[in-house]
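Secondary and tertiary structure notes
As a plain string of letters, each chain reads:
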Amino acid sequence: MSSPLTIAMPKGRIFEEAADLLRAAGFALPAEFDDSRKLIVDVEAENMRFILAKPMDVTTYVEYGVADLGIAGKDVMLEEERDVYELLDLKISKCHLAVAGLPNAIRDEVAPKVATKYPNVASSYFREQGEQVEIIRLNGSIELAPIVGLADRIVDIVSTGQTLKENGLVELEHIEDITSRLIVNPVSYRLKDERIDEIVTKLASVLEG
Ligand SMILES: Nc1ncnc2c1ncn2[C@@H]1O[C@H](COP(=O)(O)OP(=O)(O)OP(=O)(O)O)[C@@H](O)[C@H]1O
Ligand SMILES: O=P(O)(O)OC[C@H]1O[C@H](OP(=O)(O)OP(=O)(O)O)[C@H](O)[C@@H]1O
């Protein structure tokens, strides 16, 4: 048998939706897959190996070729700009990237501070807007920054809007709609195109159906 196809899966909120999608496409993923603390899960019946990574790291595993395929949020792809191909919009984990801040804040700073987990996305967004800002990188709970006075604005993910609302913030600018994507290492795609195309066809038929 050929070597297993390695797929980098994001732990966290995308995982469950991605696993549901793979099962709907006919892949026999064992229950162990969802509950285990193991970071590598071999699914011999499908000749697949899953590596469970932090969502922000999926594109890195795929770029370096230790995973052939991966499932990554478009936000991560925009931030990381890794050398990977996007094969399919999986239409899961829908949200958008936005600029937010306190309502009625006076916006007359020369270089307002912007807190974000997405420094590259935020820098290029404000550059395109012709606005000079100071980026402050944080790792989470971004909505805290304007409330405690660390930053004037934030660039972050908005889904239901509940986190903004509960923290007294408002969305100021919509940057980009986000969903999760199936990505591939370019060399893997050349060497394993038949197997990969088969997976894409199965997933696409679920998404279209
Ligand atoms: N509130 C949300 N609703 C829907 N999708 C979201 C939401 N927040 C993030 N996402 C999407 O899900 C992906 C993973 O988010 P998740 O919160 O699981 O990861 P993370 O915050 O990077 O990880 P961690 O919390 O472990 O640091 C994001 O890259 C984005 O594409
Ligand atoms: O619009 P909502 O539905 O409220 O979702 C948006 C929130 O979800 C994400 O945070 P996450 O839960 O990943 O926590 P984090 O702050 O640790 O990143 C994001 O960073 C927002 O804070």
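The following refers to the structure shown. As the structure is a prediction and not an experimental result, all values here were calculated from the model. (Residues numbered from 1 in each chain as written. Chains lettered and ligands numbered in written order. Predicted model: local features only at pLDDT ≥ 70, side-chain atom pairs only at ≥ 80, totals over all residues. Heavy atoms only, no water.)

Turning next to the sheet that holds strand E8 (residues 134-137). Ordered by their spatial adjacency, five strands build an open sheet running E8-E7-E9-E6-E10, and the pairing between neighbours is mixed. Unpaired on one side and paired on the other, E8 and strand E10 (170-178) mark the two borders of the sheet. Each adjacent strand pair in this sheet contributes to an overall mean axis angle of 25 degrees, direction not counted. Pairing of strand E6 (residues 95-101) with strand E9 (residues 153-158), which is carried by six bridges, proceeds in the antiparallel orientation. In the strand pairing of E9, glycine 101 is matched with arginine 153. Sitting on the sheet, helix H5 (residues 119-128) is in contact with E6, strand E7 (113-116), E8, E9 and E10, with an inclination near 165 degrees to E8. (Pairing = 2+ DSSP bridges. Helix = DSSP H or I, 4+ residues; strand = E, 2+ residues; numbered from the N terminus. Axes fitted to C-alpha atoms, helices over the stretch in contact; angles between N-to-C directions. Contact = heavy atoms within 4.5 Å.)

The subject of this paragraph is the site of ligand 2. Around ligand 2 lies a shell of 13 residues, among which Glu143, Ser159, Thr160, Gly161 and Thr163 are the nearest. The backbone of serine 159 places a nitrogen or oxygen atom 2.7 Å from an oxygen atom of ligand 2. For ligand 2, whose free accessible area comes to 490 Å², the fraction covered by protein is 71%. If you map ligand 2 onto the pockets, it falls in the largest pocket. Breaking the shell around ligand 2 down by element, the ones donating at least two residues are E9 and helix H7 (162-166). Counting residues per element, the shell around ligand 2 draws most heavily on E9, at three residues. Split by residue class, the shell around ligand 2 holds two nonpolar, seven polar and four charged. (Near = heavy atom within 4 Å. Polar contact = N/O pair within 3.5 Å; in protein donor to acceptor, adjacent residues only side chain to side chain. Areas by Shrake-Rupley, 256 points an atom, 1.4 Å probe, with all protein chains shown as cover. 1 Å grid on protein atoms, 1.4 Å probe; cavity = no way out; pocket = protein on both sides within 12 Å on 5 of 7 lines; lining within 4 Å. Sits in = over half its atoms within 2 Å of the grid points. Nonpolar A, V, L, I, M, F, W, Y, C, P; charged D, E, K, R; others polar.)

The subject of this paragraph is the side chain of glutamate 46. Checked against the element boundaries, glutamate 46 lands in the loop between strand E2 (40-43) and strand E3 (48-53). One buried charged side chain, glutamate 46, makes no salt bridge at all; its nearest oppositely charged neighbour is lysine 202, positioned 5.5 Å away. Excluding residues within four positions of it along the chain, glutamate 46 makes contact with Gly26, Phe27, Ala28 and Arg195. (Buried < 20%, exposed > 50% of the residue type's maximum accessible area, 1.4 Å probe, protein only. Lys, Arg positive; Asp, Glu negative; His and termini not counted. Salt bridge = Lys/Arg side-chain N within 4 Å of Asp/Glu carboxyl O.)

Right, let's get into H5. Of the residues making up H5, those classed as buried are Pro119, Val121, Ala122, Tyr125 and Phe126. Buried residues of H5 fall within an arc of 160 degrees about the axis and therefore sit on the same side. Exposed residues lying more than 90 degrees from the buried face of H5 are Arg127 and Glu128. Lining the buried residues of H5 we find helix H4 (74-80), E6, E7, E8, E9 and E10. One or two residues past the end of H5 sits glycine 130, with phi positive at roughly 70 degrees. (Arc of directions from axis to C-beta.)

Two pairing modes exist for strands in a sheet, parallel and antiparallel, and in both the strands are linked by backbone hydrogen bonds. As summarised here, the arrangement of the six strands in space is E2-E3-E1-E4-E11-E5, forming an open sheet in which the pairing is mixed. Because the sheet does not close on itself, it has two edges, and the strands there are E2 and strand E5 (85-89). On average, each strand axis in the sheet is tilted by 25 degrees relative to the strand beside it, whichever way the strands run. Bridge count for strand E1 (residues 5-10) against E3 is six bridges, and the pairing is parallel. Bridge pairing in E3 places proline 10 opposite alanine 53.

What follows deals with the nonpolar core. If you look at the biggest cluster of nonpolar residues, it comprises 31 residues, and the most contacted ones within it are Met9, Phe33, Phe50, Leu69, Leu182 and Leu203. Counting only elements with at least two residues in this core, the list comes to E1, helix H1 (13-24), E2, E3, strand E4 (69-73), E5, strand E11 (180-184) and helix H9 (193-208). It is H1 that provides the largest number of residues to this core, a total of six residues. If sequence neighbours within four positions are ignored, leucine 203 has contacts with Leu21, Leu22, Ala25, Leu88, Leu90 and Leu182. Membership of the second largest hydrophobic core comes to 15 residues, among which are Val121, Ala122, Val155 and Ile178. (Core = buried A, V, L, I, M, F, W, Y, C linked by side-chain atoms within 4.5 Å.)

The subject of this paragraph is the pattern of salt bridges. Here the structure, examined in full by the defined rule, presents 10 salt bridges. The salt bridge partner of arginine 181 is aspartate 89, with a shortest N-O separation of 3.7 Å. With arginine 181 in strand E11 and aspartate 89 in strand E5, this residue pair connects regions lying 92 residues apart in the sequence. Residue arginine 181 is classed as buried on the basis of its relative accessible area, which comes to 12%. Of the residues examined, aspartate 89 reaches a relative accessible area of 26% and is grouped as partly exposed. Notably, a salt bridge pairs lysine 202 with glutamate 198, separated by 3.9 Å at the nearest N-O pair. Residue lysine 202 and its partner glutamate 198 are both found in helix H9; the two are separated by four residues, about one turn of the helix. For lysine 202, a relative accessible area of 31% corresponds to the partly exposed category. Several salt bridges share partner residues, and in doing so they unite Lys74, Glu86, Asp89 and Arg181 into one network.

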